[in-house]
Amino acid sequence: MNRREFLMTSVAAGAMVVAARTAFAEDKLTILGSVPNLGFPFFVHMLNEIKAEAQAQGVNLTESDGQNSATKQTADIEAALVQKVNAIVISPLDVNALAPAIEEAVKAGVPVVTIDRRVDGVEGILAHVGADNVKGGEAEAQAVVAAFPNGAKLFHLQGQPGAGPAIDRNKGVHNVLDPLKDKYQIVYEQTANFARAEALTVTEAGLAANGKPDAIICANDDMALGALEACAARNFTDVKIYGFDALPEALVAVRDGKLAGTVEQFPGQQSRTAVQIAVAYAKNKTEPKEKLVLLTPIVIGKDNLDKAERLNETK
């Protein structure tokens, strides 16, 4: 073989290697990972965990930020179906508004695993992985009862209407407090849509109209931190405020005694488990052992900070 033939053979071999690598990349499964809004740190963490598990499973990931718009999240699902993704892992912004798009995916034969927010109205969803938000709301309310055994005047900041976690956490809080309403009175109850700035405004209005409460129960940490800011502005530093999600910023506030507690629902474990279920089915048609996987939330206080999933992210 002369030099020219050798070089041509080497180039051809190299081209075949590149082609093989490209074909291998194209043969990898692709999943859609969709969350409601990356403006919320909770969903940033959730998508990061989806991404990490997709990498660990050796699959490609198409990332979707719903941008707090059911229309946008629906369009992302429809685009993923056109691109023929192999599976969808999704936390729907609104469980009712997203139901038609999820049903479309199921009918197209694409396995769907929901996380955090469960869609009950669609048949054929492969699995749901989430926290038992009713139990989480109950745990939050029970923490208040334990802190105020003789009764308390309460504010309650609810989450976004239509969001499954907001509905379930609200139910859990009322499961505990309604039978005890003679001692534990919710004098002010409003939605703040899971948003910190809105919680600040809503809490300010509540304080102006009702005076200082003993405690404020919030359906997420962003609202708890907004309520904390409103109370601090009036020097109401002894109001016990409870959040939900165990965000790093909230954990710091618990450690420093500014928040009384926050509920840990293990979103990283939820996300990774959902990806594992979706990939196993997409690869081998492996049915999940359980169609409904619910983790039990716990209240994180100063005494059990080591139980928080994101404690290593605190500064």
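(A) Region of interest: the packing of helix H3 (residues 70-82) against helix H4 (residues 99-107). Between H3 and H4, the shortest axis-to-axis distance is 9 Å and the interhelical angle comes to 15 degrees. On the basis of their axis angle, the class for H3 and H4 is roughly parallel. Both H3 and H4 take part in a crossing whose hand is left-handed. Two secondary-structure elements touch here, H3 through Thr74, Ile77, Glu78 and Leu81 and H4 through Ala101, Ile102, Glu104 and Ala105. Here the residues of the contact of H3 with H4 sort into five nonpolar, one polar and two charged.

(B) Summary view of the pairing of strand E6 (residues 152-158). Among the seven residues that make up E6, six are buried, leaving the element largely enclosed by the rest of the structure. Two strands pair when backbone bridges link them, and E6 and strand E7 (residues 184-191) are joined in this way by seven bridges, in the parallel orientation. Its bridge partner being in E7, His156 is matched across the sheet by Glu189. Crossover connection from E6 via helix H6 (residues 164-177) to parallel E7: handedness right-handed. Both E6 and strand E8 (residues 215-218) contribute to a ladder of four bridges, which runs parallel. The partner of His156 across the bridge, within E8, is Ile217.

(C) Structural detail: the side chain of Asp76. Summarising the element assignment, Asp76 is placed in helix H3. A distance of 2.7 Å separates the side chain of Asp76 from the side chain of Lys72, its partner in a polar contact. For Asp76, the residues in contact, after removing those within four places along its chain, are Leu32, Ser64 and Asp65.

(D) Fine view of empty space enclosed by the protein. Counting across every chain of the model gives two cavities of 30 Å³ or more. Taken as a whole, the largest cavity encloses approximately 150 Å³ of empty space. Residue lining of the largest cavity: 18 residues in total, with Phe42, Phe43, Arg117, Phe194 and Asn220 positioned closest to the centre. Secondary-structure elements contributing two or more residues to the lining of the largest cavity are helix H2 (41-57) and H6. Of the residues contributing to the lining of the largest cavity, the split by class is seven nonpolar, six polar and five charged. Empty space within the second largest cavity amounts to approximately 40 Å³.

(E) Seen up close, the sheet that holds E7. Sheet architecture is open: six strands sit in the order E7-E6-E8-E9-E10-E12, paired in mixed fashion. On the outer flanks of this sheet lie E7 and strand E12 (298-300), each paired with one strand and no other. Along the sheet, successive strands turn relative to each other by an average axial angle of 20 degrees, direction set aside. Bridge analysis of strand E10 (residues 261-264) against E12 gives three bridges, and the strand direction is antiparallel. In the strand pairing of E12, Thr262 is matched with Ile300.

(F) Representation of the nonpolar core in the model. Grouped together as the largest cluster of nonpolar side chains are 58 residues, with contacts concentrated most on Val113, Leu157, Ile216, Cys218, Met223, Ile241 and Leu259. In terms of residue count, the dominant contributor to this core is helix H8 (residues 221-233) (seven residues). Not counting chain neighbours up to four residues away, the residues in contact with Ile241 comprise Ile216, Cys218, Ala224, Ala227, Leu228, Cys231, Leu259, Ala260 and Gly261. Judged by nonpolar contacts, the second largest core, of 18 residues, contains Ala80, Val110, Val112 and Ile125.

(G) Inspection of the packing of aromatic side chains at higher detail. Tallying each qualifying case throughout the model produces three aromatic pairs. Relative to Phe43, the ring of Phe40 lies with its centre 6.4 Å away and its plane at 85 degrees, an arrangement referred to as edge-to-face. The pair Phe40 / Phe43 is uniform in exposure class, with both members buried. Between the aromatic rings of Phe42 and Phe43, the centroid separation amounts to 5.2 Å while the plane-to-plane angle is 80 degrees, which identifies the pairing as edge-to-face. In this structure Phe42 comes out as buried when scored by relative accessible area, which is 5%. Ring pairing ties together the aromatic residues Phe40, Phe42 and Phe43, which thus form one cluster. Above the plane of the ring of Phe244 lies Arg169, whose end atom (NZ or CZ) is 3.8 Å from the centre.

What counts and what doesn't
Residues numbered from 1 in each chain as written. Predicted model: local features only at pLDDT ≥ 70, side-chain atom pairs only at ≥ 80, totals over all residues. Heavy atoms only, no water. Axes fitted to C-alpha atoms, helices over the stretch in contact; angles between N-to-C directions. Helix = DSSP H or I, 4+ residues; strand = E, 2+ residues; numbered from the N terminus. Parallel < 35°, antiparallel > 145°, perpendicular 65-115°, else oblique. Left-handed = near helix turned anticlockwise from the far one by under 90°. Contact = heavy atoms within 4.5 Å. Nonpolar A, V, L, I, M, F, W, Y, C, P; charged D, E, K, R; others polar. Buried < 20%, exposed > 50% of the residue type's maximum accessible area, 1.4 Å probe, protein only. Pairing = 2+ DSSP bridges. Right-handed = clockwise from strand over helix to strand, strands pointing away. Polar contact = N/O pair within 3.5 Å; in protein donor to acceptor, adjacent residues only side chain to side chain. 1 Å grid on protein atoms, 1.4 Å probe; cavity = no way out; pocket = protein on both sides within 12 Å on 5 of 7 lines; lining within 4 Å. Points joined across faces, edges and corners; volume = space filled by probe spheres on them. Core = buried A, V, L, I, M, F, W, Y, C linked by side-chain atoms within 4.5 Å. Phe/Tyr/Trp six-rings, centres within 6.5 Å; stacked < 30°, edge-to-face > 60°. Lys NZ or Arg CZ within 6 Å of the ring centre and 35° of its normal.

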